[in-house]
Amino acid sequence: MANSAINGILEKMTGKDKDYRYMATSDLLNELNKEGFKADADMEVKVSNTVLLQLEDAAGDVSGLAVKCLAPLVKKVSEDRVLEMTDKLCDRLVHGKDQHRDIASIAMKTIVSEVSTTAVAQRIVDSLTPQLIKGITSTGMSTEVKCECLDILCDVLHRFGHLMTTDHELLLSALLSQLSSNQASVRKKSISCIASLASSLSDDLLAKATVEVVQLLKNKGPKPELTRTNIQMIGALSRAVGYRFGPHLGDTVPLLINYCTSASEIDEELREYSLQALESFLLRCPRDICSYCDDILHLTLEFLSYDPNFTDNMEEDTDDETHEEEEDDESADEYSDDEDVSWKVRRAAAKCLAAIIVSRPEMLSKLYREACPKLIERFKEREENVKMDVFNTFIELLRQTGNVTKGQADINELSPLWLLKQEVPKIVKSINRQLREKSIKTKVGAFSVLKELVVVLPDCLADQIGSLISGIEKALNDKSSTSNLKIEALIFTRLVMASHSPSVFHPYIKALSSPVLSAVSERYYKVTAEALRVCGELVRVVRPSFQACNFDFKPYVHPIYNAILARLANQDQDQEVKECAISCMGLVISTFGDNLQKELPACLPVLVDRMGNEITRLTAVKAFAVIASSRLKIDLSCVLEHVFSELTAFLRKANRALRQATLGTLNSLVVAYGDRIGSSAYEVIIVELSALISDSDLHMTALALELCCTLMADKKSNQNVGLTVRYKVLPQALILVRSSLLQGQALQALQNFFACLVSSANTTFDVLLDSLLSSAKPSGQSGGLAKQALYSVAQCVAVLCLAAGDQKCAPTVEMLTGILRDDSIINSAKQHLALLCLGEIGRRKDLSLHAHIENIVIESFQSPFEEIKSAASYALGNIAVGNLSKYLPFILDQIDNQQKKQYLLLHSLKEVIARHSLDKAGQAEFQDTNIEKILNLLFNHCESDEEGVRNVVAECLGKIALIEPKKLVPALKLVNHEVDIE
């Protein structure tokens, strides 16, 4: 915008009309926010002066807009203008009128927060620091001015403390002097400033600050408020500098513990601040605090129940229902005193104990012996906020137990899990009392503890479920219950059902099912969704298997079905509820379908309808997969054709998760209902599958190939299906087998595909074998196949031969050995593939009927090509896997007698060992062979002159260690060889 227009805005900003000033300031703010705004030196001065003037505008909304103008203005004007504005604002702050001080402070904070370049920041720091120090330390300054200066200084130190190193000592002295101020607000803000400064202080200055504060604490001044301030300062320093405070713990920890134990009864804040500082030490200096952890633990346990103004004379709680009414009466007469702040000490102790739990996992067993009983006892805490902290501390103990014991199988008497298990009855007894309390917050906290307990120690509540049922019922049925409480109760119910044996709940199904089904009809969607998830677990509990059992599930079938159907049929509800209703109904039909035969014609079309809705189709597809997998063979005749057509269409969708779920569901449907589906539907599906087979998504490819195999297995006699697969899927499979990315599940699925295809109509073994071998031929455009692709082709050839039977396999082996006899260099690519194929076939089938095959393979060791030598070594090892008794002695003998072939033969031996180390079934056979002879042979070659031989020997020994470590270790001790074992 032209300068004339800006001048017009500035002129209006100084007008008499408040509305004009507001609109003009708004216009200026819009101009400043534009990227193209530029102003010359004179205009910069005018704009900055006008904005500063507006800050003192009598209209608050105008001055507020002026503050907003400062943020973009700082980035659009020169350094000199920014510095000038800062100086003027600082002068107003220190010497200006009281009514303008607040806005000046806000404006300065805005400038400090918006400065982004180091050069400007350095100039501002150099200018502001002396003025702010003067404003803080001058004797004539009011408390308000000091507080504002401390606020600004805190922001400056937080952002630019590292640029103020020359002033650090001066700043530290000025701020430490304010810790003895008579004004609490000044002391509090000084603590924040010193903490901000501490992060950039040198170790010497940090030590100086700490020593000075500690010395003041040791002197125990007459003013208790100053002692509290110094303790707060210690805590703030440790939080600010972290592990750097570690060297000072020797001076501070004993001092704080002493203050905690020796403070007077009326000085609760002193204890609170001391415990907060100790908590900070535990979290920030975990290495240096080690030696004090036991003392701090005993201190926190002592003050966890610190309540000098209240004595709990109540008898031990019981689980009698009559006690509930007595308890309610007593709660009305509980001690209450607004001046009692002892709860702050108990809360600080709980948080300090939580810090020990989080930072000292090695103390877990000790914590269970000493802290766990105390925490359980303190569940009866009378101050609700403190009770929540006690709950949270106990939850931290449970979580740490889960983290430390994750994956542990053995539970001994020193294990935290074993110690926790011993406390379960006490935990449940204490929690039950809390579930009878009136407070919603308390009940929510109690359920949170139970949830974590079930997660960490599944199946621990099998003997306690009966006592918890009334608490769950009350939480779900009570009119005073909030949605949050109902959600927590439902989540716990779901978790406990999922982690315990169904028979545990059978005596309580009637009591549980009623409130859960009522919750399904709740108005709040989160409660409804969680209730539906609980229903899913309820279905599994009610009928855990389809075998006869003592529990009669039939009375619960229709109530559960009707409650879920009401939600399923309702279109006007949250998506989460819709999805949960669909999933739950799929589970209900798959579990109770034989008892819902009359209802299915009405219910199944609703599920099909949900497949047509974009936001619910994925969930509906998964629900049909569950139904199709049911052992009840649910009658889907009324919707089967429609479901198949919908699912086939989904294979063309862009949504990957939908395509993935669709493939799984189609597979389940074909297995269960293939006899009711026409071959034309199969052909359409196969056409869609062909588009999904590529190396760009191997997981999807594997699922597509698996479905293809299922379709062929179900319709072996149908010529059209076989033809469609041959002409649509086979070309894609042959492209895929050439990919160097092919591996894992996709490679396994491709092998199964060829095995299935050779048995289907209109596709012969010879055609498939020729196609596979041809796919491995080098092409003019892309050259030869990658090594991984050749292995893939070889594996598919091997699986194809085995699927075709001996009549086809034997001639194929003869054909492959014939290629090896042709020593023409031109056929090197053929020989390479032939060796790999022989290895893969030999690994799966005994080839001893083919005379001298081992000699034919070993001849390839003479090849001039390294890849053929390697393939021959691989082939010999794998052929030996197919018949250990014949070929393993041959390999061992050759290693001893054929010095020149030793390296390749050792690789063959490594292949034998590796295959058997992975195959548990084959390990016994391998162990029965003369393993000592193998070890002796390997040890004899440990000191071979060839590094390659030594490396292969080490690899072989490493593989043997997986099979027979007990034999390997003594053998290693018998020889004075240093061998690297994998």
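Residues numbered from 1 in each chain as written. Predicted model: local features only at pLDDT ≥ 70, side-chain atom pairs only at ≥ 80, totals over all residues. Heavy atoms only, no water.

Q: Looking at this model, I keep getting lost on the overall build of the protein chain. Mind explaining?
A: A count of helical and extended segments in the protein chain gives 48 helices and 0 strands. By the compact-globule yardstick of 30 Å for 982 residues, the protein chain is too spread out, its C-alpha radius of gyration being 40 Å. Structurally, the protein chain occupies a C-alpha span of about 110 × 75 × 75 Å along its principal axes. Across the 982 residues in the protein chain, those meeting the buried criterion constitute 54%. Of the accessible surface of the protein chain, which amounts to about 44,000 Å², a share of 48% is contributed by carbon and sulfur atoms. (Helix = DSSP H or I, 4+ residues; strand = E, 2+ residues; numbered from the N terminus. Rg over C-alpha atoms; globule rule 2.2 N^0.38 Å. Buried < 20%, exposed > 50% of the residue type's maximum accessible area, 1.4 Å probe, protein only. Areas by Shrake-Rupley, 256 points an atom, 1.4 Å probe, with all protein chains shown as cover.)

Q: Sorry if this is basic, but what is going on with the layout of surface pockets here?
A: The rolling of a water-molecule-sized probe over the atoms marks out the regions of remaining empty space. When its volume is computed, the second largest pocket comes out at roughly 390 Å³. Around the second largest pocket, the lining comprises 19 residues; the ones closest to its centre are Ala-776, Lys-777, Ala-829, Lys-830 and Leu-833. Put simply, the parts of the chain that give the lining of the second largest pocket at least two residues each are helix 37 (765–775), helix 39 (806–821), helix 40 (828–844) and helix 42 (866–882). In terms of residues, the lining of the second largest pocket owes the most to one element, helix 40, which gives 6 residues. (1 Å grid on protein atoms, 1.4 Å probe; cavity = no way out; pocket = protein on both sides within 12 Å on 5 of 7 lines; lining within 4 Å. Points joined across faces, edges and corners; volume = space filled by probe spheres on them.)

Q: Which parts of the structure should I look at to understand the pattern of salt bridges?
A: Side-chain pairs of opposite charge can arise whenever the charged atoms involved come near each other. For the structure shown, the criterion picks out 42 salt bridges. With a shortest N-O distance of 3.1 Å, Lys-75 and Glu-114 are connected by a salt bridge. Taken together, the positions of Lys-75 in helix 4 (residues 60–76) and Glu-114 in helix 6 (residues 98–114) put the pair 39 residues apart, joining distant regions of the chain. Judged by its relative accessible area of 22%, Glu-114 is partly exposed. (Salt bridge = Lys/Arg side-chain N within 4 Å of Asp/Glu carboxyl O.)

Q: Could you clarify how one ought to interpret the environment of Arg-676 in this entry?
A: Mapping Arg-676 onto the fold places it in the loop between helix 32 (656–673) and helix 33 (679–690). Here Arg-676 falls in the partly exposed class, since its relative accessible area comes to 47%. Apart from residues lying up to four places away in sequence, Arg-676 is in contact with Asp-635, Leu-636 and Leu-640. (Contact = heavy atoms within 4.5 Å.)

Q: Can you help me understand the packing of aromatic side chains in this one?
A: Centre distance and the angle of the planes are the two values used to describe a pair of aromatic rings. Applying the stated criterion across every chain, the model contains 10 aromatic pairs. Taken together, the ring pairs in this structure connect Phe-379, Phe-391 and Phe-394 into an aromatic cluster. (Phe/Tyr/Trp six-rings, centres within 6.5 Å; stacked < 30°, edge-to-face > 60°.)

Q: I'm lost on empty space enclosed by the protein in this one. Help?
A: Applying the stated criterion across every chain yields a total of 1 cavity of 30 Å³ or more. Each pocket or cavity is described by its volume, and for the largest cavity that value is around 40 Å³. Around the largest cavity sit Ile-465, Leu-468, Ile-469, Ile-472, Phe-492, Thr-493, Val-496, Phe-505 and Leu-512, which together line it. Listing elements by their share of the lining of the largest cavity, those giving two or more residues are helix 22 (465–477) and helix 23 (483–499). The biggest single contributor to the lining of the largest cavity is helix 22, with 4 residues.

Q: I keep staring at the side chain of Thr-701 and nothing clicks. Help me out?
A: In this fold, Thr-701 is placed in helix 34 (residues 698–714). Residues within four places of Thr-701 in sequence aside, it is in contact with Leu-692, Ile-693, Ser-694 and Leu-736.

Q: Honestly, the side chain of Lys-387 in this entry has me stumped. Any pointers?
A: Relative to the helices and strands, Lys-387 is located in helix 19 (residues 384–404). Of the side chains with opposite charge, Glu-437 lies nearest to the buried Lys-387, which makes no salt bridge, at 4.5 Å. Once residues lying within four places of it in the same chain are set aside, the contact partners of Lys-387 are Phe-379, Lys-380, Glu-381, Gln-434, Glu-437 and Thr-442. (Lys, Arg positive; Asp, Glu negative; His and termini not counted.)

Q: Help me understand the nonpolar core in this model?
A: Generally speaking, soluble globular proteins have nonpolar side chains that are buried together. In terms of nonpolar packing, the biggest core is built from 341 residues, with Leu-461, Phe-753, Phe-754 and Leu-909 touching the most fellow members. Discounting residues that sit within four places of it in the chain, Leu-909 has contacts with Leu-888, Ile-891, Leu-892, Ile-895, Ile-934, Leu-937 and Leu-938. (Core = buried A, V, L, I, M, F, W, Y, C linked by side-chain atoms within 4.5 Å.)

Q: So what exactly am I meant to see when it comes to the packing of helix 23 against helix 26 (residues 525–542) here?
A: When two helices pack together, you describe them by how their axes are tilted relative to each other and by the distance separating the axes. Relative orientation of the contacting elements helix 23 and helix 26 amounts to 20 degrees, with a least axis distance of 9 Å. It follows from the interaxial angle that helix 23 and helix 26 lie roughly parallel. In the packing of helix 23 onto helix 26, the handedness of the crossing is left-handed. Contacts between helix 23 and helix 26 pair Ser-483, Lys-486, Ile-487, Leu-490, Ile-491, Thr-493, Arg-494, Met-497 and Ala-498 from the former with Lys-526, Val-527, Glu-530, Ala-531, Arg-533, Val-534, Glu-537, Leu-538 and Val-541 from the latter. (Axes fitted to C-alpha atoms, helices over the stretch in contact; angles between N-to-C directions. Parallel < 35°, antiparallel > 145°, perpendicular 65-115°, else oblique. Left-handed = near helix turned anticlockwise from the far one by under 90°.)

Q: Any chance you could explain the environment of Met-497 here in plain terms?
A: Residue position: Met-497 is located in helix 23. Along the sequence, Met-497 and Gly-536 sit 39 residues apart, while their C-alpha atoms lie 10.0 Å from each other. With near-sequence residues (within four places) excluded, Met-497 lies in contact with Phe-505, Leu-512, Val-534, Glu-537, Leu-538 and Val-541.

Q: Mind showing me how you'd approach helix 32 here?
A: Along an α-helix, residues three or four apart share an orientation, since each turn contains 3.6 residues. The terminal C-alpha atoms of helix 32, which comprises 18 residues, lie 25 Å apart, in line with the 26 Å expected from a rise of 1.5 Å per residue. Burial within helix 32 is extensive, with 13 of its 18 residues counted as buried. Among the residues of helix 32, the N-terminal cap falls to Asn-655, whose side-chain oxygen and the backbone nitrogen of Ala-657 are separated by 3.1 Å. (Expected span 1.5 Å × (residues − 1). Polar contact = N/O pair within 3.5 Å; in protein donor to acceptor, adjacent residues only side chain to side chain.)

Q: Which parts of the structure should I look at to understand unusual backbone geometry?
A: Trans is the prevailing form of peptide bonds, just as negative phi is the prevailing case for residues other than glycine. Backbone geometry at Asp-459 places phi at a positive 70 degrees, although glycine is not the residue there. Relative to the helices and strands, Asp-459 is located in the loop between helix 21 (440–456) and helix 22. Despite not being glycine, Lys-633 has its phi angle at roughly 50 degrees, a positive value. By the secondary structure assignment, Lys-633 is in the loop between helix 30 (617–628) and helix 31 (640–650).

Q: Would you explain the packing of helix 3 (residues 41–54) against helix 4 in this entry?
A: Packing of helix 3 against helix 4 brings their axes to within 8 Å, and their N-to-C directions diverge by 150 degrees. Between helix 3 and helix 4, the interaxial angle falls into the category roughly antiparallel. Of the two possible hands of crossing, helix 3 and helix 4 adopt the one that is left-handed. Contacts from Glu-44, Val-47, Ser-48, Val-51 and Gln-54 in helix 3 reach Val-62, Ser-63, Ala-66, Cys-69, Leu-70, Leu-73 and Lys-76 in helix 4. Residue composition of the contact of helix 3 with helix 4, grouped by class: 7 nonpolar, 3 polar and 2 charged. (Nonpolar A, V, L, I, M, F, W, Y, C, P; charged D, E, K, R; others polar.)

Q: What should I look at first to understand the confidence of the model for the protein chain in this one?
A: As a general rule, the predicted coordinates of low-pLDDT regions are not to be interpreted in detail. Looking at the protein chain as a whole, the pLDDT averages 86, with 91% of positions reaching at least 70. Here residues 314–336 scores under 50 on pLDDT; set against residues more than four positions off or in separate chains, the count is 24 contacts. Note on residues 973–982: pLDDT under 50 across the span, and 15 contacts to partners over four residues away in sequence or across chains. (pLDDT = per-residue confidence, 0-100.)

Q: Teacher, can you tell me more about helix 13 (residues 249–262) here?
A: An ideal rise of 1.5 Å per residue puts 20 Å on 14 residues; helix 13 measures up with 19 Å between its terminal C-alpha atoms. Turning to helix 13, the residues buried within the fold contact helix 11 (203–219), helix 12 (224–241), helix 14 (268–284) and helix 15 (293–303).

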